[in-house]
Amino acid sequence: MPGLLRGVARTAVVAGTATAVSNRVSRRQAGRWAHQEEMAEPAPPPPPPAPAAPAAPAPPGMDAKISQLQQLAQLKEQGVLTEEEFATQKQRLLAG
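Notes on the structure follow. (Residues numbered from 1 in each chain as written. Predicted model: local features only at pLDDT ≥ 70, side-chain atom pairs only at ≥ 80, totals over all residues. Heavy atoms only, no water.)

### So, the overall build of the protein
Item 1. When you go through the protein residue by residue, the secondary structure sums to 3 helices and 0 strands.
Item 2. Burial status across the protein gives 4% buried among its 96 residues.
Item 3. Accessible surface computed for the protein: about 8600 Å², of which carbon and sulfur atoms make up 62%. (Helix = DSSP H or I, 4+ residues; strand = E, 2+ residues; numbered from the N terminus. Buried < 20%, exposed > 50% of the residue type's maximum accessible area, 1.4 Å probe, protein only. Areas by Shrake-Rupley, 256 points an atom, 1.4 Å probe, with all protein chains shown as cover.)

### Focus: the packing of aromatic side chains
Item 1. In this structure the tally under the stated criterion is 0 aromatic pairs.
Item 2. Lys76 extends its terminal NZ or CZ atom over the ring of Phe86, reaching a point 4.8 Å from the ring centre. (Phe/Tyr/Trp six-rings, centres within 6.5 Å; stacked < 30°, edge-to-face > 60°. Lys NZ or Arg CZ within 6 Å of the ring centre and 35° of its normal.)

### A few points about a positive patch on the surface
Item 1. Together, Arg24, Arg27, Arg28 and Arg32 line one region of the surface with positive charge.
Item 2. With respect to the helices and strands, the residue Arg28 is situated in helix 1 (residues 2-39). (Patch = residues over 30% accessible without salt bridge, like charges linked within 9 Å, V, L, I, M, F, W, Y side chains within 5 Å. Salt bridge = Lys/Arg side-chain N within 4 Å of Asp/Glu carboxyl O. Lys, Arg positive; Asp, Glu negative; His and termini not counted. Charge placed at Lys NZ, Arg CZ, Asp CG, Glu CD.)

### Re the pattern of salt bridges
Item 1. Scanning all chains against the criterion turns up 1 salt bridge.
Item 2. For the salt bridge of Lys76 with Glu83, the shortest nitrogen-to-oxygen distance reads 3.2 Å.
Item 3. Residue classification places Lys76 among the partly exposed positions, given a relative accessible area of 30%.

### Some details on helix 2 (residues 62-77)
Item 1. Compared with an ideal rise of 1.5 Å per residue, which puts 16 residues at 22 Å, helix 2 spans 22 Å between its outermost C-alpha atoms and is within 8% of the ideal.
Item 2. Where helix 2 terminates, the next one or two residues include Gly79, which has phi positive at roughly 90°. (Expected span 1.5 Å × (residues − 1).)

### Looking at the packing of helix 2 against helix 3 (residues 83-95)
Item 1. Viewed as axis vectors pointing N to C, helix 2 and helix 3 meet at an angle of 175°, and their least axial separation amounts to 10 Å. Comparing their axes, helix 3 and helix 2 come out roughly antiparallel. Contacts from Lys65, Gln68, Leu69, Leu72, Ala73 and Lys76 of helix 2 reach helix 3 at Glu83, Phe86, Gln89, Lys90, Leu93 and Leu94.
Item 2. Split by residue class, the contact of helix 2 with helix 3 holds 6 nonpolar, 2 polar and 4 charged. (Axes fitted to C-alpha atoms, helices over the stretch in contact; angles between N-to-C directions. Parallel < 35°, antiparallel > 145°, perpendicular 65-115°, else oblique. Contact = heavy atoms within 4.5 Å. Nonpolar A, V, L, I, M, F, W, Y, C, P; charged D, E, K, R; others polar.)

### As for the environment of Leu94
Item 1. Summarising the element assignment, Leu94 is placed in helix 3.
Item 2. Relative accessible area serves as the criterion here: at 41%, Leu94 is assigned to the partly exposed category.
Item 3. For the pair formed by Leu94 and Ile66, sequence separation is 28 residues and the distance between their alpha carbons is 9.5 Å.
Item 4. In this structure Leu94 touches Lys65 and Leu69, once residues within four positions along its chain are discounted.

So, in structure tokens, the structure goes:
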């Protein structure tokens with residue numbers, strides 16, 4: 001029985017030491033990350049967008065096509081249309 005108690009005690013000491021070391025390493029790493037965040041410079045603000053150039057007036061009937069092209073572009077951006085589907089629909093719209 002003394003051998004068993006000695007083994008259990010040794011295991012408890014090793015586990016306790018491992019836990020203490022692990023916790024200390026975690027605290028040190030968290031401290032380093034916090035220090036790095038404090039030292040990091042804030043990113044400069046993005047430049048203001050350039051003003052849009054006035055568009056030339058569209059010929060009659062083009063407003064509907066432009067609107068449909070914008071809708072197709074939105075569907076493509078959302079992932080509803082693939083690049084190929086977008087190109088096909090765009091050609092069909094501009095041809096008609």
